[in-house]
Amino acid sequence: MSVVEERPDAGRAAKVAVGEAGRRRTFAVISHPDAGKSTLTEALALHARVIGSAGAVHGKAGRRGTVSDWMDIEKARGISITSAALQFEYRDAVINLLDTPGHADFSEDTYRVLTAVDAAVMLVDAAKGLEAQTMKLFAVCRHRGIPVLTVINKWDRPGKDALELMDEISERTGLTPTPLTWPVGIAGDFRGVLDRADGTYRRFTRTAGGATIAPEETLPAAAALAREGDAWQQAVEEVELLEASGQDHDQSLFLDGVTTPVLFASAVSNFGVGALLDTLVDLAPAPTGMATADGAVRELTDPFSAFVFKVQAGMDTAHRDRLAFIRICSGVFERGMVVTHARTGRPFATKYAQHVFGRDRESIDVAYPGDVVGLVNANALGVGDTLYADRPVQFPPLTTFAPEHFAVCRGRDAAKHKQFRKGIEQLDSEGVVQVLKSDRRGDGAPVLAVVGPMQFEVAQHRMEHEFGAPVDLDRLPYSLALRTDEASAPGILAAARNAEILRRADGELLAVFPDKWGLRVLQQNKPELLLEPLVAAQL
Ligand code: G4P
């Protein structure tokens, strides 16, 4: 490696980067669909007073001020496919709230967003408890070592018993729940919470439609007992049970992913939302040095570095732009700086840098570790790419999910083959779909592979409307993909008639199978063949 000259003000920049990183809390709210993620996002923003009333920042189709409906398909389905980041100041902290798609079909997208956060807030519906997507997301967080704060939402509605929910969390996720607050009043009769830190009562007051910040009143225990009687007494007794079983917050166990602090809330009435923000500031970790591909660490004080965790094209149909969202890992970002694109070694000018949330965009002049920056016109950048200044670095590639649905993609109009190729390449580099090829099928008929079938719809829609190359998708009967190599490929094809070998753009060879039965027989009969699960498939 050549000796690199660093900027003359590198020492000062390093100090600023550490100071500013210390104020950052970068996290995502994740949940099974309908647990209240959009509602909580609005409530958090409301609490930070960045908007006048709930609903103006983010929401689903049909709700006032829906801003993430830029894509027809999203509008039609009432889902939010896109994701970006909302930044606001709270107390002396800077909160970066990364949005994740609500629909399970886009879980790969959610997974990529989780590579860019330092903590996650898991929302659980009090009536439904842990659902399929909740379990999968807990597993992803465990796999990535992301500390999780759990929020039991919708306590204003009848639901499960609070202690039962705690048992469910510990039995099914293996995490020990350590409630920070405990509800006063059963689900459906939410009066307030007992704050376990000091034993006081935070009493909630309802506001019309939850549209403004719900006032909270703090009362000492004696006053709480006088006011709430049995409901307070029950909360006190249940908290004693938690203490007896050692379910108390321990910061290092939380950061190590052994425990999950729990809060009770009603996002729609803005109850418990202030406590969540305070908890994020007090307990969620600030950014720290980031592991690099060669096993070293890029420290916060190192020159600027970042990685692309999301690429989004077509957000503004008038401009046909392509945005790459980067998470800053070290140093200071200044708009206009010329950085290096690690994959190609080429310079990349960061002339247009923006905060993006829904349809709102704002220019960014300077940003620090933990921040998310949307780079405009980032045609050269793909998901997982590294950018750096001065001293080279490469962050590890983002793991991809094992696809479960496959379809051959063919252009309807042979004259549009250029547009077809360009579109397919872009969808691949954005991670909208995985594009798999084989000599047998040729470049004109690649196989698109996805985790959720709705990704097909997005791909098909964009091929037609954005790239002007309408396509037909013919579903293939595969449902499983495993990693293999050149040496094993002929053996697999000879022994499993229903299998196929396909190559991904990153060179990885995948063996695809219709079902696990044929695969099992093959593995038993030919144990010498390389057939490994793709990492995320184990989640
Ligand atoms: P999601 O993003 O996780 O999918 O959930 P979203 O916020 O859209 O919330 C799903 C539904 O749950 C919405 O009702 C929402 O109002 C409701 N909800 C969210 N938080 C709470 C809560 O704390 N208490 C109660 N009772 N309900 C809550 P909807 O009928 O689907 O939509 P809407 O017409 O009410 O907006």
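Our structure's up above, just so we're on the same page.
Residues numbered from 1 in each chain as written. Predicted model: local features only at pLDDT ≥ 70, side-chain atom pairs only at ≥ 80, totals over all residues. Heavy atoms only, no water.

This next bit is on the sheet that holds strand 25 (residues 434-437). The strand order across the open sheet formed by eight strands is 27-24-26-25-29-30-28-31, and the pairing between neighbours is antiparallel. A strand with exactly one partner marks an edge of an open sheet, and here the two such strands are strand 27 (471-476) and strand 31 (532-533). Pairing geometry for strand 24 (residues 405-411) and strand 27, over six bridges, is antiparallel. The residue bridging Cys409 from the neighbouring strand is Leu473, located in strand 27. Each of strand 24, strand 25, strand 26 (447-450) and strand 27 is contacted by helix 11 (residues 417-430), which is oriented at about 155 degrees to strand 24, the strand it contacts most. Seen against the sheet, helix 14 (residues 516-525) touches strand 28 (480-484) and strand 30 (509-513) and runs at an angle of roughly 30 degrees to strand 28. (Pairing = 2+ DSSP bridges. Helix = DSSP H or I, 4+ residues; strand = E, 2+ residues; numbered from the N terminus. Contact = heavy atoms within 4.5 Å. Axes fitted to C-alpha atoms, helices over the stretch in contact; angles between N-to-C directions.)

With respect to topology, four strands assemble into an open sheet ordered 7-8-9-10, the strand pairing being antiparallel. In this open sheet, the two edge strands, each paired with only one partner strand, are strand 7 (181-184) and strand 10 (216-219). Strand-to-strand, the axes of this sheet are offset by a mean angle of 25 degrees, without reference to chain direction. In this structure, strand 8 (residues 192-195) lies alongside strand 9 (residues 200-204), joined through four bridges in antiparallel fashion. In the strand pairing of strand 9, Leu194 is matched with Tyr201.

Take the site of the ligand next. The immediate surroundings of the ligand are formed by 17 residues, with Asp34, Lys37, Ser38, Thr39 and Asp156 found nearest. Take Ala35: an N or O atom from its main chain is 3.3 Å from an oxygen atom of the ligand. Asp156 places a side-chain nitrogen or oxygen 2.7 Å from a nitrogen atom of the ligand. When the free accessible area of the ligand is taken as 710 Å², the share hidden by the protein chains comes to 71%. (Near = heavy atom within 4 Å. Polar contact = N/O pair within 3.5 Å; in protein donor to acceptor, adjacent residues only side chain to side chain. Areas by Shrake-Rupley, 256 points an atom, 1.4 Å probe, with all protein chains shown as cover.)

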